[in-house]
Amino acid sequence: MVEVLAARKQQVLEKGKDVFNIECEKPSTAGSVSQRACVFCGSRVVLYPIADAVHLIHGPIGCAAYTWELRGSLSSGPELHRLSFSTDIREHEVIYGGEKKLYAALKELIGAYKPNAAFVYCTCIIGLIGDDVEAVCAKVEKEVGIPVIPVHSEGFKGTKKDGYKAACEAAFKLVGKDDITPVSKTSINILGEFNLAGETWIIKDYYKRMGVEVTACITGDGRVAEIGRAHRAKLNVVQCSGSMTYLAKMMEEKYGIPYIRVSYFGIEDMSKALYDVAEYFKDETILHNTQELVKSEVNALLPKLTEYRKDLEGKKAGVYVGGSFKAFSMVKALRHLGMETVVVGSQTGSPEDYEYLKEITNEGTIILDDTNPLELSGFILEKGADLLIGGVKERPIAYKMGIGFCDHNHERKEALAGYEGMLNFAREVHTSVTSPVWKYSPARIKAAEAAQAAEAAQAAEAAQAAEAAQAAEAAQAAEAARAGKEILV
Amino acid sequence: MTVSVAEENYTSTRNACKLCSPLGACLVLRGIEGCIPLIHGSQGCSTYIRRYGISHFREPLDIASSNFVESTAIFGGRENLFTALDNVTRSYKPEAIGITSTCLAETIGEDVPMYLRQYLASREKGGRDTKGLAPVLFYASTPSYKGTHMDGFHEAILAAVSALAGFGERVPVKTDRINLVSNFVSAEDLRELHSILQSFGVPYTLLPDYSESLDGGTWETYQKLPEGGTKIADIGRMGEAAGTVYLGIPPGKKDAGKWLEENCGVPLFRRELPIGIENNDAFFSSLSEISGKPVPDLWERQRSRLIDAYIDGHKYVNGKRAVIYGEEDFVAALAAFLDEIGVVPVIAATGASNPGFKAHIQGALKNTRRDVEILDDADFVTILAHARELAPDFILGHSKGLYLSRELGIPLIRCGFPVHDRIGGQRILHLGYRGTLNLFDLICNSLMEAKQNQFDKGYTYL
Ligand code: SF4
Ligand code: SF4
């Protein structure tokens, strides 16, 4: 039996067994060892890839130190985002306020690195000591002539989701600044694609082959100027919907740009993402190009996947990721590898997300919101998973439980998006799941023994049932014979 | 705008060379058997600290949080802390809960000791739903804006010792027991310290000890509180020891060594981290003094092997120039070691703001005093700027020096914390004669490799 804290009972359900609407979108229970971070984390991960901006973290050092190079977002040009800037406030500023230090830091950094914009992330303590960050930013903006944008990401003021929202608000301030650079009639913005391990480049290449122009990717391989003209693209394509739908909505409202939600993970979702865009433009050439692209990519990919599938057929997986859209795609992608998802959850899912997860998973699947190591390790063992997909904090849980692991987090170095990403994904899953090392894992040995015992018990039960059925049948036959006799008589 | 007194020379920190206090505290708490850390503050800090620790140790690192929300920040965290204590007690069944605070909790002036008294009173009266479990609670105040992870580290040791080591009443029998308070070292280092202590054949307490809990073996089921750690009972006995060896020079006014001396009359021996021959000699001789036993022969042989290696490799290192950075005490010990082998630490830097750092390092340099830049409150951008001028040959420090190494085109020899871009960071041995030997070999070999790679024909013999 997996222990679930009383306060969390409504955040965990088993499909087919429990009938209730999962409780989500609430702060983590005090004293649970939550796998999730804070508002600041949400903002930081969304804005981080804007590579020609200074990202200054206003607060004591920790928040900045822990997020230095946290994301594997690559840039084709400037790499300012890979540096960690902090006002590193000390006791003196906690008492007297951090505004002077913030001002000095901004002037220093902008002077030294000549960025095209600066973001100032407010962390917990800043919200508390009440620095007027808006005023400092406005002052510096006036003095230096680049956008200096506060991001209200005080950690305690909500969940990671609120951080996404704060990031969208900050990014929105850049939108609309450039109204001269020409933009094609069939152009899109990609929202919520962060160029982890170069994924944006893969996706952009697909759109290019379709004949669609990408005006801006917000924020993968991001540039301030690109975001500045994003308002003139014809369609917003939202990939990480948890984080960026809010920006899409704001752009729809102000600039009338419609948006669609897509996912770039797995074969179906990737193909659908391309077709949805093609259909939106109702352009024969684009449609034709898209068909060709999907056909050739899928044809090249499938035989390679089949190779991996041979070994993976029938294996089980757990998925615990930040955003639930990623979870949907993972469930489907795993199916292509012949694998069933038995545990699935996210840090930030909405009620609709969990409904959808219920729809696409099999009976008996455990669905979790904002989980912790005790639950996760328990369910993995209980459901007999062979693989876990998650982030750094989930990795040692999987390894200690003796199962494979696939990184699907900010810092991964393997591209998992697109068709080539699917192949990388399959390779990584295969490499980990088929490694001979698991046979030495005590947790695995114990699980195998338990499974064997269960199988034996099942077999015994089945034998018993068969015997009973036979007896019943015989009795029935005797009865029937008797009845027949009676009738005959 | 707020008016600030003096201090106009504000700068930003670029690529910090330090971490925040609760991280250090959590490591100590994970090094006590049956103890779980609970960070009083908002969720993010605890998650980041877990993630950071996991990327080095590659082990689960469960740290609970009292999870402040907006109203908590305004009205105070008492209720959150109480709920957190209940929940942690019920789900982890710990013997102790070590509470460590974040900047946020400190800034709003949380009176945690008072909360804990109230909580305990309520628990005693049966007012808490903790299933009859009654873990010991203690608290380390760790505002990060006042220091670095090392301050948190020492603070948590003090909190544990002062809560658990029976105060005032000194046990009448003077034992030959040794207290060894370790510094922020690797799990392998802690295992080496165990071997050293065991070899003296007297009882001892090694605190903290995460050698097993953060570098353990495989599991059958999920271990809520991984095995290993300093036993709570052994911490309780620290007051009866014949002496305390405190490794690294704690920055604080008050540390556990001093506390034991003042409250329990246990003599205190402050020692540098045992890296290098002289630091090790001093370390071993204090163990010998406390225990009343001679240094076991085994270590004499190790020492002699180390000197032999120094001689074998001296040509490759003498006159070379190194950049070292990290925790103050660690850098001081590295400096002393490099000085012994003729390497000039052209930059010795720490991210901590510590006016005593300069003198500390200078004191460690007995052979060289030339060309040494000693930087406190430094970040990696500053270190790089200084390093460009000084033409170092190699870098000795944690993974965050990768940029320096790339920019300067010189090897980075990984040690300390964090080493998260290699496997086995937690198993690097730095301490003792053996640890020194390990570092010495690593340095020689990477310098030789660099030379081999530069020489177009390559060379195959020494
Ligand atoms: S510096 Fe303070 S607020 Fe930031 S992560 Fe560390 S404890 Fe939390
Ligand atoms: S919770 Fe606050 S202090 Fe902690 S990491 Fe998040 S923003 Fe920083």
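Basis of the calculations
Residues numbered from 1 in each chain as written. Chains lettered and ligands numbered in written order. Predicted model: local features only at pLDDT ≥ 70, side-chain atom pairs only at ≥ 80, totals over all residues. Heavy atoms only, no water. UniProt positions renumbered as here; feature names shortened; annotations may be inferred. Near = heavy atom within 4 Å. Nonpolar A, V, L, I, M, F, W, Y, C, P; charged D, E, K, R; others polar. Contact = heavy atoms within 4.5 Å. Buried area = accessible area lost by both parts, 1.4 Å probe. Salt bridge = Lys/Arg side-chain N within 4 Å of Asp/Glu carboxyl O. Polar contact = N/O pair within 3.5 Å; in protein donor to acceptor, adjacent residues only side chain to side chain. 1 Å grid on protein atoms, 1.4 Å probe; cavity = no way out; pocket = protein on both sides within 12 Å on 5 of 7 lines; lining within 4 Å. Sits in = over half its atoms within 2 Å of the grid points. Helix = DSSP H or I, 4+ residues; strand = E, 2+ residues; numbered from the N terminus. Phe/Tyr/Trp six-rings, centres within 6.5 Å; stacked < 30°, edge-to-face > 60°. Buried < 20%, exposed > 50% of the residue type's maximum accessible area, 1.4 Å probe, protein only. Lys NZ or Arg CZ within 6 Å of the ring centre and 35° of its normal. Lys, Arg positive; Asp, Glu negative; His and termini not counted. Pairing = 2+ DSSP bridges. Axes fitted to C-alpha atoms, helices over the stretch in contact; angles between N-to-C directions.

- Heading Sequence similarities (unreviewed entry) of the UniProt record for chain B holds this comment: "Belongs to the NifD/NifK/NifE/NifN family."

## Re the site of ligand 1
- The local shell around ligand 1 consists of Pro60, Gly62 and Cys63 of chain A together with Cys20, Pro22, Cys45, Thr102, Cys103 and Ser144 of chain B.
- One chain alone does not account for the residues near ligand 1; they come from chains A and B.
- Considered class by class, the residues forming the shell around ligand 1 number six nonpolar, three polar and no charged.

## Notes on the interface of chain B and chain A
- Taken together, the contacts link 70 residues of chain B with 71 residues of chain A.
- Summing the contributions of chain B and of chain A, the shared interface buries around 6,500 Å²; its carbon and sulfur component is 63%.
- Looking only at chain B, the three residues that lose the most surface to chain A are Tyr10, Tyr48 and Tyr145 of chain B, adding up to 13% of its buried area.
- At the boundary of chain B with chain A, the tally comes to six salt bridges.
- Between glutamate 108 of chain A and arginine 14 of chain B there is a salt bridge, and its shortest N-O distance comes to 3.5 Å.
- The tally of links between chain B and chain A comes to 24 residue pairs in polar contact (both at pLDDT 80 or more).

## What about the site of ligand 2?
- Around ligand 2 lies a shell formed by Cys38, Phe40, Cys63, Thr123, Cys124 and Gly155 of chain A together with Ser42, Gly44, Cys45 and Tyr48 of chain B.
- With respect to the detected pockets, ligand 2 is housed in the largest cavity.
- The element contributing the most residues to the shell around ligand 2 is helix H2 (residues 43–57) of chain B, with three residues.
- When its residues are assigned to classes, the shell around ligand 2 shows six nonpolar, four polar and no charged.

## Some thoughts on the packing of aromatic side chains
- All chains considered together, the criterion is met by 27 aromatic pairs over all chains.
- Here the aromatic rings of phenylalanine 284 of chain B and tyrosine 433 of chain B are separated by 5.0 Å at their centres, their planes lie at 10 degrees, and the arrangement is stacked. Of the two residues, phenylalanine 284 of chain B sits in helix H11 (residues 277–291) while tyrosine 433 of chain B sits in helix H17 (residues 432–454), which places them 149 residues apart along the sequence. Of the two residues, phenylalanine 284 of chain B and tyrosine 433 of chain B, neither departs from the other in class, the shared state being buried.
- Positioned above the aromatic ring of tyrosine 121 of chain A, the side-chain terminus of arginine 44 of chain A is 5.8 Å from the ring centre.
- Note that arginine 71 of chain A overlies the ring of phenylalanine 194 of chain A, its terminal NZ or CZ placed 4.2 Å from the centroid.

## Section: the side chain of lysine 160 of chain A
Residues and elements named next belong to chain A.
- For lysine 160, the position within the fold is in helix H7 (residues 160–172).
- Within the buried set, lysine 160 has no salt-bridge partner at all; the shortest N-O distance to an opposite charge, 9.1 Å, is to glutamate 394.
- In this structure lysine 160 touches Cys38, Val39, Cys41, Gly42, Gln347, Thr348 and His410, once residues within four positions along its chain are discounted.

## Quick look at the sheet that holds strand S2 (residues 35–40) of chain B
Residue and element names in this part refer to chain B.
- Strand order in the open sheet formed by four strands is S3-S2-S4-S5, and the pairing between neighbours is parallel. Unpaired on one side and paired on the other, strand S3 (64–65) and strand S5 (136–140) mark the two borders of the sheet.
- Where strand S4 (residues 96–101) meets S5, five bridges bridge the pair, whose relative direction is parallel. Of the residues in S5, the one forming a bridge with threonine 100 is alanine 140.
- Strands S2, S3, S4 and S5 of the sheet are contacted by helix H4 (residues 78–92), whose axis makes an angle of about 155 degrees with S2.

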